[in-house]
Amino acid sequence: AIADFNPDVVVGSSWGGGIALFALAEGLWSGPTVAIAPALHRVLRDSGELKYKWAEVEQRLAASAHCLTLVHGAADNTIPIADSETLAAAIHCELVRVDGGDHGLNDALLNGRLRELVVQRYEAYQASTM
């Protein structure tokens with residue numbers, strides 16, 4: 001479905017952010033991606049990593065680190081920011097920590113910061129492909 005739509009940027013939050021990571025890891029998408037408080041690690045951890053192992057997903061994500069920005073609220077009580085910090089350190093992707101931000105990052109949405117991050121990720125990706 002993503003190939004049919006052909007978006008400029010994929011943005012997902014929580015489980016949507018997890019799906020964005022999964023799409024990158026599985027090669028279903030290879031463009032600029034902003035994953036906001038992505039829940040993939042938690043879902044795999046909570047499900048017992050039945051079919052997909054986090055270490056394998058993380059390893060496959062490394063090839064896409066150049067087009068990935070993680071955004072996470074420091075005060076997120078739903079998905080620990082440590083999940084994003086660990087992933088960013090492991091694969092060397094950009095991590096934007098939103099001080100005081102909760103899981104919804106409503107303040108960042110309202111003040112335009114998330115829009116700016118999406119535009120920056122798109123422009124950086126475009127510059128890297130020229």
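Residues numbered from 1 in each chain as written. Predicted model: local features only at pLDDT ≥ 70, side-chain atom pairs only at ≥ 80, totals over all residues. Heavy atoms only, no water.

## Thoughts on the pairing of strand S2 (residues 33-36)
Thought 1: Covered by surrounding structure in S2 are Thr33 and Ala35 together with Val34 and Ile36, the residues of both alternating faces.
Thought 2: Inspection of the sheet shows strand S1 (residues 10-13) paired to S2 by four bridges, in the parallel sense. Along S2, the bridge assignment pairs Ser13 with Ile36.
Thought 3: Crossover connection from S1 via helix H2 (residues 15-25) to parallel S2: handedness right-handed. (Buried < 20%, exposed > 50% of the residue type's maximum accessible area, 1.4 Å probe, protein only. Helix = DSSP H or I, 4+ residues; strand = E, 2+ residues; numbered from the N terminus. Pairing = 2+ DSSP bridges. Right-handed = clockwise from strand over helix to strand, strands pointing away.)

## As for helix H5 (residues 81-91)
Because each turn of an α-helix spans 3.6 residues, side chains separated by three or four positions in sequence point in the same direction.
Thought 1: Among all positions of H5, only Ile81, Asp83, Ser84, Leu87, Ala88 and Ile91 are buried. With its buried residues spanning 155° around the axis, H5 presents them on a single face.
Thought 2: Turning to H5, the residues buried within the fold contact H2, helix H3 (40-47), helix H4 (54-61), strand S3 (68-73) and strand S4 (94-98).
Thought 3: Immediately beyond the C-terminal end of H5, within one or two residues, lies His92, with a positive phi of roughly 65°. (Arc of directions from axis to C-beta. Contact = heavy atoms within 4.5 Å.)

## Brief notes about the nonpolar core
Thought 1: Judged by nonpolar contacts, the single largest core of 23 residues is most densely connected at Leu21, Leu61, Leu68 and Leu70.
Thought 2: Those elements that place two or more of their residues in this core are H2, H3, H4, S3 and H5.
Thought 3: Element by element, the count of residues in this core is highest for H2, at six residues.
Thought 4: Val34, Val96, Val98 and Leu105 belong to the second largest nonpolar core, which has eight residues in total. (Core = buried A, V, L, I, M, F, W, Y, C linked by side-chain atoms within 4.5 Å.)

## Digging into empty space enclosed by the protein
Thought 1: Per the counting criterion, the structure on display carries one cavity of 30 Å³ or more.
Thought 2: One number sums up the size of the largest cavity: a volume of about 40 Å³.
Thought 3: Every residue lining the largest cavity is listed: Leu21, Pro38, Leu40, His41, Trp54, Leu70, Asp83, Ser84 and Leu87.
Thought 4: For the lining of the largest cavity, the secondary-structure elements that each account for two or more residues are H3 and H5.
Thought 5: With three residues, H5 is the largest single contributor of residues to the lining of the largest cavity.
Thought 6: Along the lines of polarity and charge, the residues of the lining of the largest cavity split into six nonpolar, two polar and one charged. (1 Å grid on protein atoms, 1.4 Å probe; cavity = no way out; pocket = protein on both sides within 12 Å on 5 of 7 lines; lining within 4 Å. Points joined across faces, edges and corners; volume = space filled by probe spheres on them. Nonpolar A, V, L, I, M, F, W, Y, C, P; charged D, E, K, R; others polar.)

## Concerning the sheet that holds S2
Thought 1: The strand order S1-S2-S3-S4 describes an open sheet built from four strands, whose pairing is parallel. Each edge of the open sheet carries a strand with a single partner, namely S1 and S4. For this sheet, the mean inter-axis angle between neighbouring strands, taken without regard to orientation, is 15°.
Thought 2: Two strands pair when backbone bridges link them, and S2 and S3 are joined in this way by four bridges, in the parallel orientation. Residue Ala35 lies in a different strand from S3, and its bridge partner there is Leu70.
Thought 3: Of the strands in this sheet, S1, S2, S3 and S4 are in contact with helix H7 (residues 113-128), which crosses S2 at around 145°. (Axes fitted to C-alpha atoms, helices over the stretch in contact; angles between N-to-C directions.)

## Things to note about unusual backbone geometry
Thought 1: Its identity is not glycine, yet Asn6 carries a phi of approximately 50°, on the positive side.
Thought 2: Here Asn6 lies in the loop between helix H1 (2-5) and S1.
Thought 3: Of note in the backbone geometry, His92 takes a positive phi value of approximately 65° without being a glycine.
Thought 4: Looking at the secondary structure, you find His92 in the loop between H5 and S4.

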